[in-house]
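These are the residues of each chain, in order.
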Amino acid sequence: TKARERKRVLEPGANLLRLSLARGPGGLSLSQTASWASLLGFAQMSDPGVKYRLDKSVEFLEAILTHQLAATSPGAAVRWAGRTLRATDGTCIRERGSKTTDWRVHAIYDLGRGGFSHLELTGHRGAEAITRGAPVAGEIRIADRYFARAGTMRQFREQSGNQADFIVRVGWNALRLTGPDGKAFDLIAHLRDLSKDMICHEVNVLAATGAATPALPLRLIVQRKPLEATEATRKTLRRDASRKQKILDPNSLVAAEFMIVATSLPSEGYTASEILA
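Draft legend 1. Broad picture of the nonpolar core. Formed by 31 residues in total, the largest nonpolar core has its most connected members in Phe166, Val168, Leu175, Leu191, Leu218, Leu220 and Ile260. Elements that contribute at least two residues to this core include exactly α5 (150-159), β5 (165-169), α6 (187-193), β7 (200-207), β8 (216-224), α8 (250-255) and β9 (258-263). Top element by residues in this core is β8. It accounts for four residues. When residues no more than four places from it in sequence are discounted, the contact partners of Leu175 are Ala148, Arg149, Ala150, Met153, Val170, Ala207 and Leu218. Core analysis: the second largest hydrophobic core is formed by eleven residues, Val261, Tyr270, Ile275 and Leu276 among them.

Draft legend 2. Structural detail: the pairing of β7. When strand β6 (residues 177-178) meets β7, the two strands line up antiparallel, connected through two bridges. Across the sheet, the residue bridging to Thr178 is Leu206, located in β7. Strand direction decides the pairing type here: β7 and β8, joined by eight bridges, are antiparallel. In the strand pairing of β8, Val203 is matched with Leu220.

Draft legend 3. Broad picture of the pattern of salt bridges. This structure, assessed with the given rule, holds 13 salt bridges. Here Arg157 ties to Asp165 by a salt bridge, and the two come within 3.0 Å at their closest N and O atoms. For the pair Arg157 and Asp165, a shared accessibility class is recorded, and that class is buried. One salt bridge in this structure joins Glu231 and Arg234, with 3.4 Å as the shortest N-O distance. With a gap of three residues between them, Glu231 and Arg234 both fall in helix α7 (residues 227-243), about one helical turn apart. Glu231 gets classed as partly exposed once you look at its relative accessible area, which sits at 38%. The buried category is assigned to Arg234, whose relative accessible area is 17%.

Draft legend 4. Here's a closer look at the confidence of the model for the protein chain. Of all residues in the protein chain, 93% have pLDDT values of 70 or greater, and the mean over the chain is 89. Ignoring residues within four places in sequence, the model shows residues 3-8, a span with pLDDT below 50, making ten contacts including any to other chains.

The rules behind each value
- Residues numbered from 1 in each chain as written.
- Predicted model: local features only at pLDDT ≥ 70, side-chain atom pairs only at ≥ 80, totals over all residues.
- Heavy atoms only, no water.
- Core = buried A, V, L, I, M, F, W, Y, C linked by side-chain atoms within 4.5 Å.
- Buried < 20%, exposed > 50% of the residue type's maximum accessible area, 1.4 Å probe, protein only.
- Helix = DSSP H or I, 4+ residues; strand = E, 2+ residues; numbered from the N terminus.
- Contact = heavy atoms within 4.5 Å.
- Pairing = 2+ DSSP bridges.
- Salt bridge = Lys/Arg side-chain N within 4 Å of Asp/Glu carboxyl O.
- pLDDT = per-residue confidence, 0-100.

Okay, structure coming up:
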């Protein structure tokens, strides 16, 4: 890479990796990193020289990470034979002194193997998406409600040749739904009609993915939350609405009583209670 152009200063790629680790996880300043490299005898650089090489080493470091993760095989089955459970999530990073998000780390964790299968760093505009990290055949990817976008869930299925599935938590207004008959499906009205003694419930729906793409078939699985958890959620909703000086949508208070997940898994062999466990 361009970070290794001046061979007389920083020759092997291993030294560039050491330099990156010293400055990044090692927490050294630019000046300390330059002094450290000089002390070890593998580079003579100024502070700007260190920064220049690290700025140019992104592709080099990404290639190393990709190679390391690709060398790991999917983990053992955790719940269903022949299926690999992987959880995806993201986190925000702020640079020192910053008041807003500067970077996002997107990760996929293999529950059977106990390690990451994908890591990706983006700028603050890099949105969370279930399609980050290529799916493998037999995978079941688990995600929180921020990943509940019908278009990317459909792409995830297509990328795997429909050989990978997902379990995603959804909000009451995250998806535009229709029933199997093609009529609009009112999720809030459906929740209101559920009997008070209902613990676990499921319904088949279709989620719109765009004007030119077919709808995505989904199983919506609904579990009623304990009263304490419901009241805690409603309290948080009211507090946030007051803090932001917004009118709280009454539908949010209805949905607060339930946990709702959407999955592409068939009902045969994958019961609702097992999916929610």
